[in-house]
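Single-letter residue listing:
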Amino acid sequence: MSCSSISAISNFPLYSSSHSNSNSRYVRCAVGGTVAEPKNVSVAEPMLLKAVRGEDVERPPVWLMRQAGSYQIICEKYPSFRERSENVDLVVEISLQPWHVFKPDGVILFSDILTPLSGMNIPFDIIKGKGPVIFDPINTDAEVDQVREFDPEESVPYVGKALTILREEVNNEAAVLGFVGAPFTLASYVVEGGSSKHFSKIKRLAFSQPKVLHALLRKFTTSMAKYVQYQADNGAQAVQIFDSWATELSPVDFEEFSLPYLKQIVDTVKQTHPDLSLILYASGSGGLLERLALTGVDVVSLDWTVDMAEGRRRLGPDVAVQGNVDPGALFGSKDFITNRINDTVRKAGRWKHILNLGHGIKVGTPEENVAHFFEVAKAIRY
């Protein structure tokens, strides 16, 4: 993905010290093997985690799903997305940029949902102006057999190192979030060979050779459950699962090709990490909301096409909600942005709500409007 479209949600070869800054305080901790100076870890728990559990909070916690502002400067210096996302120093720096500027209540790891693919024997790249490219798309049993189960510690140690540093830097003043791609969405990329408009290849496989697709989905499910656990073990306090393309499925097909695998990930993770907050995001999911709740996640993230009050009603009282201001609203006036925030918070109520956009920040969004979004959000009191 290009600098103009990349995000912390969207989306590491092993860390290369040739790109590190030898003067960075992160290098000694993450790469050099020595321990960074210990900090007094805050005993207070992040507001975001309290809100997920339904505890009393003074306002809805707030964070956003994309990078903004000075991230573009890093893009110019390091034009390769994989270079940026597979270098511990850069991952930490980029992840902390919104924290330093806006002090959100959630700090999400800068990475990509496709990061695990190299470790699963699926070569890929993210090319500026084109996006993800899978060099050897998968369509047969034999090709599925070549897919390895993912070992995060072996394949992406920089992810664990970066999360550990983020926890120390943020010091419980915000929740550190990791993320993974959902099995169907990952399968869509590797079957289609990259992004797709019509998803004809994945649907052809699903409807003509379902056993092949199910075999691939099982491998992704086992691997992503392990990846969530790895992120939690290294500092993530919540993990967001992105099923970006599941909404291309009809409800009956979602129940076959996505729902059971999402549920398996949640069940597996909850056995080892029962207190880890799991968030599920699928854009355009208005037709699937009730089914998303069946996955067992703690939070369902709504996009802006769903009325927040309606989404609340359909999901029921046990599931927390995240969202869901239209990202386009940040092109409006400050009064307009304020009104949209207040409308969303009013409809969500004071119970189990994380304020966010319904998707990532759009390219060209004025940074002063992002700042205003956070100012208004953090001034709210229930």
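Just above sits the structure.
Now for a description of the structure that goes with this document. Just so it is clear, the model here is predicted, and its values are computed rather than measured.

Considering all chains together, one arrives at nine aromatic pairs under this definition. On the numbers, 5.1 Å between centres and 85° between planes, the contact of F150 with Y227 is edge-to-face. One end of the pair, F150, is in the loop between α6 (141–145) and α7 (152–155); the other, Y227, is in helix α11 (residues 210–233), with 77 residues separating them in the sequence. By the burial criterion, F150 is buried, and Y227 matches it. Their ring planes at 65° and their centres at 6.0 Å tell us that F242 and Y281 sit as a pair that is edge-to-face.

To continue, consider unusual backbone geometry. Residue N324 is bonded to the preceding G323 through a cis peptide linkage, with omega at -10°. For N324, the location among the structural elements is in strand β8 (residues 320–325). The phi dihedral of K103 is positive, around 50°, even though this residue is not glycine. Relative to the assigned elements, K103 resides in the loop between α5 (88–102) and β1 (106–108). We note that F199 has phi near 55°; this positive angle belongs to a residue other than glycine. Inspection of the secondary structure puts F199 in the loop between α9 (183–192) and α10 (200–208).

Before going further, it helps to examine helix α17 (residues 367–379). Between its first and last C-alpha atoms α17 spans 18 Å; for 13 residues at 1.5 Å apiece the expected length is 18 Å, and the two agree. Each element contacted by the buried residues of α17 is listed here: α5, β8, α16 (334–348) and β9 (353–357).

The residue L294 is located in the loop between α14 (289–293) and β7 (299–301) in this model. Since its relative accessible area comes to 54%, L294 is described here as exposed. Each C-alpha atom, one on L294 and one on V319, is 9.9 Å from the other, the two residues being 25 residues apart in sequence.

Conventions we followed
Residues numbered from 1 in each chain as written. Predicted model: local features only at pLDDT ≥ 70, side-chain atom pairs only at ≥ 80, totals over all residues. Heavy atoms only, no water. Phe/Tyr/Trp six-rings, centres within 6.5 Å; stacked < 30°, edge-to-face > 60°. Helix = DSSP H or I, 4+ residues; strand = E, 2+ residues; numbered from the N terminus. Buried < 20%, exposed > 50% of the residue type's maximum accessible area, 1.4 Å probe, protein only. Expected span 1.5 Å × (residues − 1). Contact = heavy atoms within 4.5 Å.

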